[in-house]
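Residue-level structural notes
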Amino acid sequence: MRSAVRLEAVLFWLAVRYLTRLPVPRGLPESDDLMVRAVKYHPGVGALVGAFAALVLWAGAPVLPWPVVVLLSLAATLLVTGAFHEAGLAGAAEGLAAGRDRVEIIAMMERRQFGFYGALAIGMGLALKLALIAGFPLAVAAAALVAGHATGRMAAVHVTATTSHARSEGMQKFVPKVTADGYRVALTLTLVALALLTAVTGIGAVLCGFAGAVLLGQAFRAWSVSRIGGYTGECLGGAEQMAELGFYLGLALWL
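Residues numbered from 1 in each chain as written. Predicted model: local features only at pLDDT ≥ 70, side-chain atom pairs only at ≥ 80, totals over all residues. Heavy atoms only, no water.

Observations regarding the nonpolar core
Let me state the cut-off plainly: Residues enter a nonpolar core if they are buried and are Ala, Val, Leu, Ile, Met, Phe, Trp, Tyr or Cys, with the set joined through side-chain atoms within 4.5 Å. Classification of residues uses two cut-offs on accessible area relative to the type maximum, computed with a 1.4 Å probe and protein chains only: under 20% is buried, over 50% is exposed, and between them is partly exposed. Numbering of helices and strands runs from the N terminus; a helix is a DSSP stretch of H or I covering at least four residues, while a strand is a stretch of E covering at least two. We call two residues in contact when some of their heavy atoms are within 4.5 Å.
One finds Leu197, Phe220, Phe247 and Leu251 to be the most contacted residues of the largest nonpolar core, which totals 45 residues. Looking at this core, the element that brings in the most residues is helix H8 (residues 138-162), giving 10 residues. Beyond its immediate chain neighbours, meaning those up to four positions away, Phe247 contacts Ala144, Ala147, Gly148, Thr151, Leu194, Leu197, Val206, Gly209, Phe210, Gly212 and Ala213. One finds Leu11, Leu14, Leu19 and Tyr41 within the second-largest nonpolar core, a separate group that totals 11 residues.

Here we look at helix H7 (residues 116-134)
Short version of the rule: Expected helix span is computed as 1.5 Å times (number of residues minus one).
Spanning 19 residues, H7 covers 27 Å between terminal C-alpha atoms, matching the ideal 27 Å at 1.5 Å per step. In this structure, the buried side of H7 is in contact with helix H4 (66-81), helix H5 (84-98), H8 and helix H11 (233-254).

Notes on the layout of surface pockets
How we decide: Grid points spaced at 1 Å and placed over the protein atoms alone form the basis of the search, with a cavity being a set where a 1.4 Å probe fits but cannot get out and a pocket an open set showing protein on both sides within 12 Å along at least five of seven lines. Lining residues have an atom within 4 Å of a point. Grid points are joined across faces, edges and corners, and a volume is the space filled by probe spheres set on the points. When residues are sorted by character, Ala, Val, Leu, Ile, Met, Phe, Trp, Tyr, Cys and Pro go into the nonpolar class, Asp, Glu, Lys and Arg into the charged class, and all the rest, Gly among them, into the polar class.
One number sums up the size of the largest pocket: a volume of about 700 Å³. For the largest pocket, the lining is made up of 30 residues, of which Tyr18, His42, Thr160, Gly233 and Leu236 are closest to its centre. Elements with a contribution of two residues or more to the lining of the largest pocket: helix H1 (2-19), helix H2 (32-38), H5, H8 and H11. Here the lining of the largest pocket is composed, by residue class, of 15 nonpolar, nine polar and six charged. For the lining of the second largest pocket, the elements supplying multiple residues, two or more each, are H8, helix H9 (180-201) and helix H10 (203-228). Within the lining of the second largest pocket, the residues separate by chemical class into nine nonpolar, four polar and no charged.

Details of the packing of H5 against helix H6 (residues 102-111)
Put simply, the rule is: In this analysis, axes come from line fits to C-alpha atoms, helices being fitted only over the stretch in contact, and the angle between any two N-to-C directions falls in the range 0 to 180 degrees. Throughout this description, any angle smaller than 35 degrees is read as roughly parallel, any larger than 145 degrees as roughly antiparallel, any in the 65 to 115 degree range as roughly perpendicular, and the remainder as oblique. Note: crossing handedness is left-handed where the near helix turns anticlockwise from the far helix by less than a right angle, and right-handed where it turns clockwise.
Taken N-terminus to C-terminus, the directions of H5 and H6 make an angle of 155 degrees; their axes are 8 Å apart at the nearest point. The orientation of H5 with respect to H6, classified from their angle, is roughly antiparallel. The way H5 lies across H6 gives a crossing that is right-handed. Across the interface between the two elements, Gly91, Ala92, Glu94, Gly95, Leu96 and Ala98 of H5 pack against Ile105, Met108 and Met109 of H6. Here the contact of H5 with H6 is built from residues that sort into six nonpolar, two polar and one charged.

Overview of a nonpolar patch on the surface
Our working rule: Only residues whose relative accessible area exceeds 30% and that form no salt bridge enter a patch; like-charged residues are grouped when within 9 Å of one another, and nonpolar side chains (Val, Leu, Ile, Met, Phe, Trp, Tyr) when within 5 Å. Residue burial considers only the protein chains on display, and all accessible areas are found by Shrake-Rupley using a 1.4 Å probe. Salt bridges are defined by distance alone: a side-chain nitrogen of Lys or Arg within 4 Å of a carboxyl oxygen of Asp or Glu.
Nonpolar side chains collect at one region of the surface, where Phe116, Tyr117, Leu120, Met124 and Leu128 lie side by side and expose about 490 Å² of accessible area between them. Following the sequence through the fold, Leu120 ends up in helix H7. For Leu120, a relative accessible area of 40% puts it in the partly exposed group.

See below:
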């Protein structure tokens, strides 16, 4: 029993280390198998990142203008994650928009050098998040950040589970996928985060937000598949960001 609990703790900390800049215990074991098994905790880590942003909202709302507080909460998520998914969105947008063919698109993504399209994607994404979250009351905004970040990470998990990986040689290579059990755990963690928001907004708003996340996340996935036949790590960042943004858009439409 203790060994099982210890293993789950290791998997959680591996997920935290992969997705954030937060300190983790030293000496964590490393292997491809463990990293695959840790994917189930990605939505939970997303909820943790959202909780940091929510804490900034609660701390700053009494003393600062609301738009400033929202901007600081977004900045907190960038600091906690090192802009991990935002960088992926920028790289994917640059390659998918400017690349002429599959090989060039993936090569542009791998170089991680952003141009006009990458900067535009990040700028518009952050601006829309700021505008949408600033339109929510404090309690809704705080709960929405937790649920939105969890749902965004779930979108990335879903892409890895349902889509082939792509590489620049024009071939598909096998990469470890999230396990079936891991997918169920990830989905359960996401539903828990959504349930917390349901207590604040009601089920209709949450369903509308989830629908928005699915629509934008799947639209980005479809764009990637149409251009390169699958996804790359950068495309996962793009899917996460689009799903998170879609969640806030859907929530705003209902509210």
